[in-house]
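# Structural overview for review
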Amino acid sequence: MAHPHLSKLLDPRSLAIIGPNDKGNVGARTLQNARDLGYPGKLYPVNPNYSEIQGLKCYPSLAALPEVPDAAVISVPIKGALQVLTE
C-alpha cells in the first residue's frame, strides 16, 4: 500500500489531462493510453478549444471541472505552463 500522502499521486481516482487536442499531441496520447490500459478512475480532458475529445466531455479550465482531480498531467506548450500551474 502506498504511503497515505502519496496515494492520490500513485493511485489517483480522477485524472485531469490538460492540453489534449484532436491532432494526437502528447496530451491526446496520454488520454488514449489511460483509456486503452483500462484506467478505472474519472478522466477529465481540459482544453478551452474543444467541447469533446475522444468522446469525453472536454472542460475549458481546471476551475470548470466538477471536482478537484487527484492528479493532473500538464501537456501544454511551455508558454502556457505557468498559467496552468498557477490555476
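Above: the structure in question.
About the thresholds
- Residues numbered from 1 in each chain as written.
- Predicted model: local features only at pLDDT ≥ 70, side-chain atom pairs only at ≥ 80, totals over all residues.
- Heavy atoms only, no water.
- Patch = residues over 30% accessible without salt bridge, like charges linked within 9 Å, V, L, I, M, F, W, Y side chains within 5 Å.
- Areas by Shrake-Rupley, 256 points an atom, 1.4 Å probe, with all protein chains shown as cover.
- Salt bridge = Lys/Arg side-chain N within 4 Å of Asp/Glu carboxyl O.
- Helix = DSSP H or I, 4+ residues; strand = E, 2+ residues; numbered from the N terminus.
- Buried < 20%, exposed > 50% of the residue type's maximum accessible area, 1.4 Å probe, protein only.
- Pairing = 2+ DSSP bridges.
- Axes fitted to C-alpha atoms, helices over the stretch in contact; angles between N-to-C directions.
- Core = buried A, V, L, I, M, F, W, Y, C linked by side-chain atoms within 4.5 Å.
- Contact = heavy atoms within 4.5 Å.

The subject of this paragraph is a nonpolar patch on the surface. Judged by side-chain polarity, Leu6, Leu9 and Leu10 come together as a nonpolar surface patch covering roughly 320 Å² of accessible area. Mapping Leu6 onto the fold places it in the segment before helix 1 (7-10).

Here the focus is the environment of Thr86. Assignment of secondary structure puts Thr86 in helix 3 (residues 78-86). Residue Thr86 is classed as exposed on the basis of its relative accessible area, which comes to 65%.

Spatial strand order, 2-1-5: 3 strands in an open sheet with parallel pairing. Bordering the open sheet on either side are strand 2 (42-46) and strand 5 (71-74), each of which pairs with just one other strand. Taken pair by pair, the neighbouring strands of this sheet meet at an average axis angle of 20°, ignoring direction. Both strand 1 (residues 14-18) and strand 5 contribute to a ladder of 4 bridges, which runs parallel. Bridging from a neighbouring strand, Ile18 pairs with Ile74 of strand 5.

It is worth spelling out the nonpolar core at this point. Formed by Leu15, Ile17, Leu31, Ala34, Leu43, Tyr50, Ile53, Leu56, Cys58 and Ala71, the largest nonpolar core amounts to 10 residues. At the level of secondary structure, the elements contributing two or more residues to this core comprise strand 1 and helix 2 (26-36). Here Ile53 is in contact with Pro20, Asn21, Asp22, Leu31, Pro45 and Cys58, once residues within four sequence places are set aside. The next biggest cluster of nonpolar side chains, apart from the first, holds 7 residues, and it includes Ile18, Tyr59, Leu65 and Val84.

Let us look at unusual backbone geometry. In the Ramachandran plot, Gln54 falls in the positive-phi region, its phi being about 55° despite a non-glycine side chain. By secondary structure assignment, the location of Gln54 is in the loop between strand 3 (52-53) and strand 4 (56-57).

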